[in-house]
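What follows is each chain in one-letter form.
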Amino acid sequence: MTKTCDVYSYLVKNYPLRLQEKWDQSGKIVYFNKPIKRVLVCLDLNEETVMNAISGQYDLIVSHHPIFTKSTKDHPVEKKDKRLISLLKTTKTPSIALHTCFDNSPNGMNVSFLKKYKIFKNIKFQKTPCGTYALADLNRPTTLNELQKLFAKTLKTSRTIGFGNKTDLIKKVVVCLGSGFSVLKQPISENNKDTLFITGDVKWHDWQYAKTYRANVLDIGHDAENIFVGVITNLLTNKFKDIAFTEYPSKLDLTIIK
């Protein structure tokens, strides 16, 4: 029978922990090595997913975003997270997170996003001192407006907002999902108008930066990272035939009040 250690070893073999950022706390969040039959794969390790895992009697949680169990200057352990950690320990529900080690993998977040769509070709993975991103060419030149509508329809994220000339013909894309604008600053500074930069959580000063370089930028929401759920589920399903995997993507229903 498959145990927690089998799944953990396979995951970190595919997405080594050495790839994670120094500030990250991926890997074993709460860990018990035990036989497992049911696994919940999710984007966020939060109250909703933890309570669903416990009530549904899942044997393991695999998430993208971790709970930070060790306090640091930038990531102190919050009271709500302490309570969730206690719940996981009390119910002996192991939890594994693959955060930036998944993001920084050549087969991780950004490349997986581009492979999701048949409109891209020549997909490449790029590593820089600031982080990693992926880039690709489009099969045919496409307007920013068309691409924004495509992602809004297919991803159904909390938001899809863009900056740039809606009629510019986009020939290339550069992608760093999540809060990835800082990683894209260098390629943006080398921008030409046929390139679209895709990320999430773009802040006011980021938009100003994009404006300075007349860059086309699309913020498709942090929850575009739900791609993780499908990628990991497929990976584990193909390896472990005796386990039932359940996908649990995150969703925010935002209402724009005017």
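Residues numbered from 1 in each chain as written. Predicted model: local features only at pLDDT ≥ 70, side-chain atom pairs only at ≥ 80, totals over all residues. Heavy atoms only, no water.

### Some thoughts on the overall build of the chain
When its secondary structure is counted, the chain shows nine helices and 11 strands. On C-alpha atoms alone, the chain measures out to a radius of gyration of 19 Å, which is about the 18 Å that the 2.2 N^0.38 rule sets for 258 residues. Dimensions along the principal axes, computed over C-alpha positions, put the chain at roughly 55 × 40 × 35 Å. By residue count, 50% of the 258 residues in the chain fall in the buried class. For the chain, the proportion of contacts with a sequence separation of at least 24, taken over those separated by at least 6, is 65%. Accessible area of the chain: about 13,700 Å², with a carbon and sulfur share of 51%. Treating the 39 positive side-chain charges of the chain as one cloud and the 24 negative ones as another, the clouds have centres 3 Å apart. (Helix = DSSP H or I, 4+ residues; strand = E, 2+ residues; numbered from the N terminus. Rg over C-alpha atoms; globule rule 2.2 N^0.38 Å. Buried < 20%, exposed > 50% of the residue type's maximum accessible area, 1.4 Å probe, protein only. Contact = heavy atoms within 4.5 Å. Areas by Shrake-Rupley, 256 points an atom, 1.4 Å probe, with all protein chains shown as cover. Lys, Arg positive; Asp, Glu negative; His and termini not counted. Charge placed at Lys NZ, Arg CZ, Asp CG, Glu CD.)

### Section: the environment of V183
As for its position among the elements, V183 is in helix 7 (residues 181-189). Among the residues examined, V183 registers a relative accessible area of 10% and is labelled buried. In this structure the C-alpha to C-alpha distance between V183 and P76, which are 107 residues apart in sequence, comes to 24 Å.

### Quick word on the nonpolar core
Across soluble globular proteins, you tend to see nonpolar side chains buried next to one another. Ranked by size, the top nonpolar core spans 47 residues in total, and within it F113, F151, V173, I198 and I232 carry the most contacts. Ranked by residues supplied to this core, first place goes to helix 9 (residues 227-239) with six residues. Among the nonpolar cores identified, the runner-up in size contains 15 residues, and C42, Y58, L88 and Y248 belong to it. (Core = buried A, V, L, I, M, F, W, Y, C linked by side-chain atoms within 4.5 Å.)

### Comments concerning the environment of K3
Secondary-structure assignment places K3 in the segment before helix 1 (4-14). By relative accessible area, K3 is classed as partly exposed at 38%. Taking the C-alpha atoms as reference points, K3 and F120, separated by 117 residues in sequence, lie 38 Å from one another. Setting aside residues up to four positions removed in sequence, K3 forms contacts with N33, K34, P35 and I36.

### What to know about the pairing of strand 5 (residues 120-128)
In regular strands, side chains alternate between the two faces of the sheet. In this sheet, strand 6 (residues 131-143) lies alongside strand 5 in antiparallel orientation, the contact comprising seven bridges. The residue of strand 6 that forms the bridge with K127 is T132. Taking the residues between adjacent antiparallel strands as the criterion, strand 5 and strand 6 are bridged by two residues. (Pairing = 2+ DSSP bridges.)

### Observations regarding helix 7
Burial in helix 7 covers these residues: F181, V183, L184, P187 and I188. Each buried residue of helix 7 sits inside an arc of 140° when the element is viewed along its axis, so together they form one side. Its buried side turned inward, helix 7 meets strand 6, strand 8 (169-175), strand 9 (195-199), helix 8 (204-212) and strand 10 (216-219). (Arc of directions from axis to C-beta.)

### Some details on the packing of aromatic side chains
The final tally for this structure, using the stated rule, is 11 aromatic pairs. Following the ring pairs from residue to residue traces out a cluster consisting of F113, Y117, F120 and F151. Positioned over the ring face of Y8 is K28, at 4.9 Å from the centre of the ring. The ring of Y209 carries K185 above its face, with NZ or CZ at 5.1 Å from the centroid. (Phe/Tyr/Trp six-rings, centres within 6.5 Å; stacked < 30°, edge-to-face > 60°. Lys NZ or Arg CZ within 6 Å of the ring centre and 35° of its normal.)

### Observations regarding the packing of helix 2 (residues 47-55) against helix 3 (residues 79-90)
To describe two helices that pack against each other, one gives the angle between their axes and the distance between the axes. Across the interface, helix 2 lies against helix 3 with an axial gap of 11 Å and an inter-helix angle of 15°. Between helix 2 and helix 3, the crossing angle belongs to the class labelled roughly parallel. Read as a crossing pair, helix 2 and helix 3 show a hand that is left-handed. When helix 2 is examined against helix 3, the residues E47, V50, M51 and I54 are found in contact with a partner set consisting of R83, L84, L87 and L88. Residue composition of the contact of helix 2 with helix 3, grouped by class: six nonpolar, no polar and two charged. (Axes fitted to C-alpha atoms, helices over the stretch in contact; angles between N-to-C directions. Parallel < 35°, antiparallel > 145°, perpendicular 65-115°, else oblique. Left-handed = near helix turned anticlockwise from the far one by under 90°. Nonpolar A, V, L, I, M, F, W, Y, C, P; charged D, E, K, R; others polar.)

### Quick notes on the pattern of salt bridges
Enumeration according to the criterion identifies six salt bridges in this entry. A salt bridge links R83 to E47; its shortest N-O distance comes to 3.0 Å. With R83 in helix 3 and E47 in helix 2, this residue pair connects regions lying 36 residues apart in the sequence. What makes E47 partly exposed here is its relative accessible area of 44%. E146 is the partner of R140 in a salt bridge, and the nearest nitrogen-oxygen pair spans 3.8 Å. Where salt bridges share partners, they join E78, K80 and D81 into one cluster. (Salt bridge = Lys/Arg side-chain N within 4 Å of Asp/Glu carboxyl O.)

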